[in-house]
Amino acid sequence: MAILTISREYGSGGREIGRRVADHLGYQFVDKERLFQDLEKIGPRWVRVAKEVDEVCPTLWERHDWQYRGYVAQMEDLILKYALGGNVVIIGRGGSFLLQEVPFCLRVRLVASLEARLKAIMAREELNLEAAKRLIAQIDGERACFIKANYGRDWDVEQVYDLTLNTDSLSYDRVVDILVESLAAKDRLATPEAKARLGQVALAYRLKARIATDPRVLVPTLEVSPEGDGLVVSGIMHTPKEFHLLQEMAREVCGDKPVRFDLHRRA
């Protein structure tokens, strides 16, 4: 049932290591390509948005844009669905922050020296030294900004992660061994109570995605959180019609689960 999330400096081997762990344990491997395939099934519009804004630093306009918020909400919903199934490796996309409170999630950050990352990127991308330096700075900067903008946290704070491993001093094989051993320990924390709590969190993000992707409503500062046996929806609404639409969406997604609305009317 354990979950592995990998945050990685560009060029530190995160994708390859994650793939090896998944292959070794028979886990699902969820990366950008897998999530984009899922978005394609939801609708081509969202794939177009994803290709423009995925894991890049959003502008102030994008942060308040309906399509950007809808895209982020859908990605979160997809990640939670995979997490709910367990036995999964999730690469990037803020997974370590999204699953921060899940006890059976192993949150890992992979780092390496700039020299080692430059060597890897120059070989893989066929770039010269200066181009590789620019690419590493750009991608690391955009990933850090994406996390800050959407989760309000610093990307590289060690307290977020269960493990920070340096692939410059550890071989990929050794890193895989460490992660496999650590996942076995995490698996024991997948109690019925912990899994039920994750199910409630996943339901909250499902409802949030449903609301955030409906053009009929615009709820600034939208948040959907577990509360007791149900959920609470908070934010700002504009009209009574929006409130009725939100109630319909809650019934559609949550069925008989109790949903409380803590909405403020914008004057």
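We now turn to the structure provided with this report. (Residues numbered from 1 in each chain as written. Predicted model: local features only at pLDDT ≥ 70, side-chain atom pairs only at ≥ 80, totals over all residues. Heavy atoms only, no water.)

**Considerations on the nonpolar core**
Ranked by internal contacts, the top residues of the largest apolar core, which has 39 residues, are I3, L39, Y71, L99 and L198. Breaking this core down by element, the ones donating at least two residues are α2 (32-42), α3 (44-53), α5 (66-85), β3 (88-91), α6 (95-98), α8 (129-151) and α10 (192-212). With ten residues, α5 is the largest single contributor of residues to this core. When near neighbours in sequence (up to four residues on either side) are disregarded, L99 contacts I3, T5, L80, A83, I90, C105, R107 and L198. Listed in part, the 21 residues of the second largest apolar core include V219, V224, M249 and A250. (Core = buried A, V, L, I, M, F, W, Y, C linked by side-chain atoms within 4.5 Å. Buried < 20%, exposed > 50% of the residue type's maximum accessible area, 1.4 Å probe, protein only. Helix = DSSP H or I, 4+ residues; strand = E, 2+ residues; numbered from the N terminus. Contact = heavy atoms within 4.5 Å.)

**Structural notes on the sheet that holds strand β8 (residues 259-265)**
Through backbone hydrogen bonds, the strands of a sheet pair up, either in parallel or in antiparallel fashion. The strand order across the open sheet formed by three strands is β6-β7-β8, and the pairing between neighbours is mixed. At either margin of the open sheet sits one strand with a lone partner, and together these are β6 (223-227) and β8. The mean inter-strand angle of the sheet, taken between neighbouring strand axes irrespective of direction, is 20 degrees. When strand β7 (residues 230-237) meets β8, the two strands line up parallel, connected through seven bridges. When the bridges of β8 are listed, V232 appears paired with R260. The sheet contacts of α10 involve β6, β7 and β8, and relative to β6 the element is tilted by about 155 degrees. (Pairing = 2+ DSSP bridges. Axes fitted to C-alpha atoms, helices over the stretch in contact; angles between N-to-C directions.)

**So, the pairing of β3**
Burial of the side chains of β3 extends over both faces: V88 and I90 are buried on one face and V89 and I91 on the other. Examined bridge by bridge, strand β1 (residues 3-8) and β3 share four bridges and lie parallel to one another. Bridge assignment links I3 to a residue of β3, and that residue is V88. Both strand β2 (residues 28-30) and β3 contribute to a ladder of three bridges, which runs parallel. When the sheet's bridge partners are listed, F29 is paired in β3 with V89.

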